[in-house]
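Residue-level structural notes
Listed below are the residues making up each chain.
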Amino acid sequence: MGLPPRRRLAGCLLLLLLGGGSGGRGGPRGEEPGPGPGGGAWGRARARYEAAKRQLGAVGALSQRYWQYLACRVWREGCEQQQQEEEEEEEEPPPRPGWSFPLVGQEYLEILSAWYCSFSKCCTTGDCRIVNNVTGLEADLHGQLHGQHLAKEIVVQAVRGFLQSPRPQKALVLSFHGWSGTGKNFVARMLASHLYQDGPKSQCVRVFISLFHFPHHKYVDSYEAQLKKQISETVQLCKQSLFIFDEAEKLHFSLLDALKPFMAHSADEGQADYRRSIFLFLSNLGGSAINEVALDFWRAGRAREEISMEFLEQRLRLELQEPAENGYARSHLLEENLIDFFVPFLPLEYHHVKLCARDAFLARGLPYTEAALDEVARMMVFVPKEEKLFSAQGCKSVSQRINYFLP
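What you see is a predicted model, and the numbers here were worked out from it, not measured in a lab.

Rules of the game
- Once a new chain begins, its residue numbering starts again from 1 and follows that chain's sequence as written.
- Whole-chain, interface and lining totals are the exception, using all residues; otherwise, since this is a predicted model, local features are given only for residues with pLDDT of at least 70 and side-chain atom pairs are given and counted only at 80 or more.
- Based on all heavy atoms of the structure, the side-chain values leave hydrogens and waters out of the count.
- Where helices are involved, their axes are fitted lines through C-alpha atoms of the stretch in contact, as for all axes, and angles between N-to-C directions lie from 0 to 180°.
- Strands are runs of DSSP state E lasting at least two residues, helices are runs of H or I lasting at least four, and both sets are numbered from the N terminus onward.
- With respect to orientation, any angle under 35 degrees is reported as roughly parallel, any angle over 145 as roughly antiparallel, any angle of 65 to 115 as roughly perpendicular, and every other angle as oblique.
- Note on convention: near helix rotated counterclockwise from far helix by under a right angle means a left-handed crossing. Clockwise means right-handed.
- Residue contacts are defined here by distance: any two heavy atoms, one from each residue, within 4.5 Å place the two residues in contact.
- Amino acids are sorted into nonpolar (Ala, Val, Leu, Ile, Met, Phe, Trp, Tyr, Cys and Pro), charged (Asp, Glu, Lys and Arg) and polar (every other residue, Gly among them).
- To estimate how far a helix should extend, the number of its residues minus one is multiplied by 1.5 Å.
- Any residue under 20% of the maximum accessible area for its type is buried, any over 50% is exposed, and the rest in between are partly exposed; the area is computed with a 1.4 Å probe on protein chains only.
- Think of it as the arc spanned by the lines of direction from the helix axis to the C-beta atoms.
- Pairing between two strands requires that DSSP report at least two bridges joining them.
- The disulfide definition used here is simple: a pair of cysteine sulfur atoms within 2.5 Å.
- Each salt bridge in this description consists of a side-chain nitrogen of Lys or Arg and a carboxyl oxygen of Asp or Glu lying within 4 Å of one another.

Moving on, we get to the packing of helix α5 (residues 134–144) against helix α7 (residues 184–195). Packed helices, taken two at a time, are described by their axes: the angle between them and the distance between them. Closest axis-to-axis distance for the α5/α7 pair is 9 Å, and the angle between their directions is 150°. With respect to each other, α5 and α7 are oriented roughly antiparallel. α5 and α7 meet at a crossing whose hand is right-handed. Counted together, G136, L137, D140, L141 and Q144 of α5 and F186, V187, M190, L191 and H194 of α7 form the full contact between these two elements. Residues that form the contact of α5 with α7 fall into these classes: six nonpolar, three polar and one charged.

Along its 12 residues, helix α13 (residues 309–320) runs 15 Å from first to last C-alpha, staying within 8% of the 16 Å computed at 1.5 Å per residue. The set of residues buried in α13 consists of M309, L312, L316, E319 and L320. For α13, the angular spread of the buried residues around the axis is 105°, confining them to a single face. In this structure, α13 carries E310 and Q314 as exposed residues pointing more than 90 degrees from its buried face. Buried residues in α13 make contact with α6 (149–164), β1 (172–178), α12 (287–299), α14 (327–330) and β5 (341–345).

Among the five residues in strand β3 (residues 242–246), five count as buried, and that is most of the element. Burial along β3 is two-sided: the face carrying L242, I244 and D246 and the face carrying F243 and F245 are both buried. Looking at chain direction, strand β2 (residues 205–209) and β3 are connected through five bridges and run parallel. In the sheet register, R206 faces β3, and the bridge partner there is F243. As paired elements, β3 and strand β4 (residues 278–283) share four bridges and run parallel to each other. For I244, the partnering residue across the bridge sits in β4 and is L280.

For the rest of this paragraph, the subject is the state of the cysteines. Here the structure, examined in full by the defined rule, presents two disulfides. Put simply, C204 and C238 are joined by a disulfide, and their sulfur atoms are 2.1 Å apart. Torsion about the S-S bond of the C204 and C238 cystine: about -70°, corresponding to left-handed handedness. Placement of C204 in the loop between α7 and β2 and of C238 in the loop between α9 (220–237) and β3 is noted, with a sequence separation of 34 residues between them. For the pair shown, C204 and C238 are each scored as buried. Here C356 engages in a disulfide with C395; their sulfurs sit 2.1 Å apart. Linking C356 and C395, the disulfide has an S-S dihedral of approximately 85° and is accordingly described as right-handed. On the criterion of sequence distance, the pair formed by C356 in helix α15 (residues 350–363) and C395 in the loop between β7 (390–391) and α17 (398–401) is long-range, its members being 39 residues apart. Neither C356 nor C395 differs from the other in exposure class; each is buried.

Next up on the list: the pattern of salt bridges. All told, the structure shown has 16 salt bridges when counted by the stated rule. Notably, a salt bridge pairs E247 with K250, separated by 4.0 Å at the nearest N-O pair. Of the charged contacts in the structure, one is a salt bridge between K354 and E370, with a shortest N-O distance of 3.0 Å. Highlighted residues: K354 in helix α15 and E370 in helix α16 (residues 370–378), separated in sequence by 16 residues. Connected through shared salt-bridge partners, K354, E370 and D374 make up one network.

For the rest of this paragraph, the subject is unusual backbone geometry. The linkage connecting V383 with the following residue, P384, adopts the cis geometry, with an omega of -5°. In this fold, P384 is placed in the loop between β6 (382–383) and β7. Of note in this structure, N132 is not a glycine but carries a positive phi near 50°. In this fold, N132 is placed in the loop between α4 (106–117) and α5.

This brings us to the sheet that holds β3. Judged by pairing direction, the sheet is parallel, and its five strands sit side by side in the order β2-β3-β4-β1-β5 without closing on themselves. Edge strands, defined here as strands with exactly one partner in the open sheet, are β2 and β5. Averaged over all pairs of adjacent strands, the angle between their axes in this sheet comes to 15°, without regard to strand direction. Strand direction decides the pairing type here: β1 and β4, joined by six bridges, are parallel. For L172, the partnering residue across the bridge sits in β4 and is I278. In the packing of α7 onto the sheet, the strands contacted are β1, β2, β3, β4 and β5, and the crossing angle to β4 comes to about 160°. In the packing of α13 onto the sheet, contacts are made with β1 and β5, and the angle to β5 comes to roughly 100°.

See below:
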């Protein structure tokens, strides 16, 4: 029974170190011990022992560096640490002769990594960092996203169906709507974490924040060219890319229209295929319509879990089409049905805020009591004025509130 590929690669690395590690540039083996304070045979023996110990320590450090280099080259693991070490080395003076990184030579590492890639899968793009753990996504949404039965259901079904399709006709486009603090960004980050091994930091994930990346309308033409370029480059690197647009209602309508070729139905089999991409738009727009439906259900004595998309989607669309200063109304996203799923995020009630507080305590490894959770929830502002039913900030500032309970 053969060894696993990584162990075979580690064995070859060790052989390279043992076979070529001591030559070439001079070092510990070429150093002659001095007479030493002890003098005589005992002093020479101790000097040899200390030299051998230093050499073995250098071999260990060097082998770790080689392994980091190979892991980055082959599996794209630990690349940030590798890059940081290389940058630090550029700032440091040249090392003295001895056990140093060029000892075996980068060409040997290139040959070794090429040999490994001849029988095992290697990572040359961001694509092999894709994990698509929809089961984990579903479990975490049900365990950590509170008060959002519609968002859980729609996101999981939409993503699962899209990923299972062998030849999708267009990119998947989801539009998240609701008040601030109801979980839109939380779900977007969770989606990135379960689709890609590197999560939101993946090369396959791009996040755009309207007022940060596109603050001035007078530069919209420049922004449009940059946006198209960045999307094209990301898709060339990763066929399954994730693009997140936060504060989407504040995007200039021409930027939204610039995204149309990437999101529309396409049968083009050209070089760049955008049909495996996922676009998320996060917006506070539509929050009023969603809250009105939730309040109507509460006043009628009906559970919020009874709210379905048939009660929400039409009202949501009407609010998005209002001729206010929002890019949705003036763009072709709605008119040409480029959005596949509208995902409503309902306003959060008192007991949902308590659950968020509990999660915040647990995330920090802190103990909590029901009294503490109640105190955190009472710190929030609840609306409407008469009913005081919904948290005006959702769970957005809950993690900061628990600082009051730290010893």
